[in-house]
Amino acid sequence: MFTNQHLAYEALSPPMRDLLDGLTAVHTAAVFRHPEQAAEHPVIRQHPVTGRRSLYVNRQFTSHVPQLRRAESDALLAYLYSFSEQPQFQCRYRWAPGGVGIWDNRCTQHYAVNDYDEPRLIQRVTVLGDDPQGSPPRWDPYTPPRLSAAEARFA
């Protein structure tokens, strides 16, 4: 399954696109037991060849949006994940012997559907990627306000 993240971005409302354009997201390999491998990228990236904008978050690697409170980040990312996975943005490639699938990781998400019984041989070639570019963040990372001792008793 592949989803077109250009279409997902373009289907968002203008106010949502405006908010997302000023945010970054932390992507990590923690799901593969490598939490030390992390990078911060724009939530909306611009394709280096076409200039077209796309949503750049995914369930597997995106950890959080540092400019937001954690609960806000979790809620926003959950919405973006489910929004971008809608059928109108999807394409399903049906693998067959000798088949070749090619996609641009800069503007797609992919998910391997486990709906086969026969053994498969897959050879993957990955082209060295680029550094995702987008608008710079408009806000600093969120830091909780410091509470006085009296305020902390009621927090």
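Our structure is the block above this text.
First, a word on what this report is: a plain description of the structure on this page. (Residues numbered from 1 in each chain as written. Predicted model: local features only at pLDDT ≥ 70, side-chain atom pairs only at ≥ 80, totals over all residues. Heavy atoms only, no water.)

**Things to note about the pattern of salt bridges**
So, point 1. This structure, assessed with the given rule, holds 8 salt bridges.
So, point 2. In this structure, the salt-bridge partner of Arg138 is Asp18, at a minimum N-O distance of 3.4 Å. With a gap of 120 residues between them, Arg138 in the loop between β8 (108-110) and α4 (149-154) and Asp18 in helix α2 (residues 14-20) connect regions that are remote in the sequence.
So, point 3. Residue class for Arg138 comes out partly exposed when judged on its relative accessible area of 42%.
So, point 4. Arg45 is the partner of Asp130 in a salt bridge, and the nearest nitrogen-oxygen pair spans 3.0 Å. In this pair, Asp130 sits in the loop between β8 and α4 while Arg45 sits in strand β4 (residues 44-46), placing the two residues 85 residues apart along the sequence.
So, point 5. Judged by relative accessible area, Arg45 falls into the buried class, the value being 2%. (Salt bridge = Lys/Arg side-chain N within 4 Å of Asp/Glu carboxyl O. Helix = DSSP H or I, 4+ residues; strand = E, 2+ residues; numbered from the N terminus. Buried < 20%, exposed > 50% of the residue type's maximum accessible area, 1.4 Å probe, protein only.)

**Focus on the sheet that holds strand β7 (residues 90-91)**
So, point 1. As summarised here, the arrangement of the 3 strands in space is β7-β1-β8, forming an open sheet in which the pairing is antiparallel. Two strands lie at the open edges of the sheet, namely β7 and β8, each paired on one side alone. (Pairing = 2+ DSSP bridges.)

**Section: the nonpolar core**
So, point 1. Counting 19 residues, the largest nonpolar core has Leu20, Val43, Leu55, Val57 and Leu80 as the members making the most contacts within it.
So, point 2. Among the secondary structure elements, those contributing two or more residues to this core are α1 (5-11), α2 and α3 (70-84).
So, point 3. The dominant element in this core, judged by the number of residues it contributes, is α3, at 5 residues. (Core = buried A, V, L, I, M, F, W, Y, C linked by side-chain atoms within 4.5 Å.)

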